[in-house]
Amino acid sequence: YPDANRANVYYFDISSFKPKTDNKGRYVSAYSYKAVNEWFYTLKNAKVVSAECASREGNIIIKRDNRSYEFKGIYTDVNFFDVYKYRFIEGRPFTKSDFDGELNKAVISDKTAQALYGSKTGAVGKTVKIGPKDYTVCGVIEEPSVLAGESYANIIMPYTTSEGYRFELNKNAYVGHYTLRFVVEGKEQAEALRAELVNVFNRFSNSDPDWEIDFS
């Protein structure tokens, strides 16, 4: 739990971006918001494509009732909940409307609810201050073990509520902070997905006057 799709989940974190006019310099980086939308959300050989703002993932300090709490936070999209099958104790995931509307909604774990509000239930509709923003709790999940790795989280939020989520690094509009998760039907579709990604990168490298890209 909650990696019900573990055998068919693939992770794609970084690629090598090389300027065509400089034989020495290159960026080994994750992807920008522009790349996520143009290259990855449109892929045909994946059942699910989910993006995460990796630069925002990590420990979140929340102060409440004169105490400080440290939680692992993830900024992601609605498809994240199709990659991992979390059990909801109450409420629901944030919706596409929440995501598109940049609404401050948060899914929290039952242990997080217990720490913040004194009970694992009854947290839906309550608020929690994350940084300068007040987030409304829309759902409470059964917290997975920390050994779950990539799917372990205490708080899950839309990346559209993260400051500068459209940010692009350097002079390359496709270099940024996003990493990807893909769910496929099986090995055959996984190979088709890899071929499709190679095709995407080749088309970009052949058409862009300044940059070429390859798997890192």
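What counts, and at which threshold
Residues numbered from 1 in each chain as written. Predicted model: local features only at pLDDT ≥ 70, side-chain atom pairs only at ≥ 80, totals over all residues. Heavy atoms only, no water. Core = buried A, V, L, I, M, F, W, Y, C linked by side-chain atoms within 4.5 Å. Buried < 20%, exposed > 50% of the residue type's maximum accessible area, 1.4 Å probe, protein only. Helix = DSSP H or I, 4+ residues; strand = E, 2+ residues; numbered from the N terminus. Contact = heavy atoms within 4.5 Å. Phe/Tyr/Trp six-rings, centres within 6.5 Å; stacked < 30°, edge-to-face > 60°. Lys NZ or Arg CZ within 6 Å of the ring centre and 35° of its normal. Salt bridge = Lys/Arg side-chain N within 4 Å of Asp/Glu carboxyl O.

Engineer: I would appreciate a short explanation of the nonpolar core in the present structure.
Structural biologist: Of all hydrophobic cores here, the largest spans 48 residues; its most connected members are Tyr31, Trp39, Phe40, Ile130, Tyr159 and Phe182. Per-element accounting of this core gives the leading share, six residues, to helix α5 (residues 187–207). Beyond its immediate sequence surroundings of up to four residues, Phe182 is in contact with Asn8, Val9, Tyr10, Phe12, Phe40, Leu43, Ala46, Val48, Val49, Leu193 and Leu197. Membership of the second largest hydrophobic core comes to 15 residues, among which are Val9, Phe80, Val107 and Ala153.

Engineer: Which parts of the structure should I look at to understand the packing of aromatic side chains?
Structural biologist: Overall, the coordinates contain 27 aromatic pairs when judged by the stated rule. Each ring, one from Phe12 and one from Tyr31, has its centre 5.6 Å from the other, and the planes form 20 degrees; the classification is stacked. In this pair, Phe12 sits in strand β1 (residues 9–12) while Tyr31 sits in strand β3 (residues 27–31), placing the two residues 19 residues apart along the sequence. Like Tyr31, Phe12 is buried. An aromatic cluster of at least three residues, connected via ring pairs, comprises Phe12, Phe17, Tyr31, Trp39, Phe40, Tyr174, Phe182, Phe201 and Phe204. The ring of Tyr1 carries the charged tip of Arg87 above its face, separated from the ring centre by 4.0 Å.

Engineer: Just checking my understanding: could you explain the pattern of salt bridges for this structure?
Structural biologist: Two side chains of opposite charge can pair, provided their charged atoms sit close to one another. Applying the stated criterion across every chain, the model contains 10 salt bridges. For Arg181, the salt bridge is made with Glu52, and the minimal N-O distance between the two is 2.5 Å. Residue Arg181 is found in strand β13 (residues 178–183), and its partner Glu52 is found in strand β4 (residues 48–53); the two are separated by 129 residues along the sequence. Summarising the burial analysis for this pair, Arg181 and Glu52 share the class buried. Between Asp98 and Arg92 there is a salt bridge, with the nearest N and O atoms lying 3.6 Å from each other. For Asp98, a relative accessible area of 5% puts it in the buried group. Take Arg92: its relative accessible area is 38%, and that puts it in the partly exposed class. Taken together, the shared-partner salt bridges connect Glu52, Glu150 and Arg181 into one network.

Read these as geometric descriptors, not functional statements.
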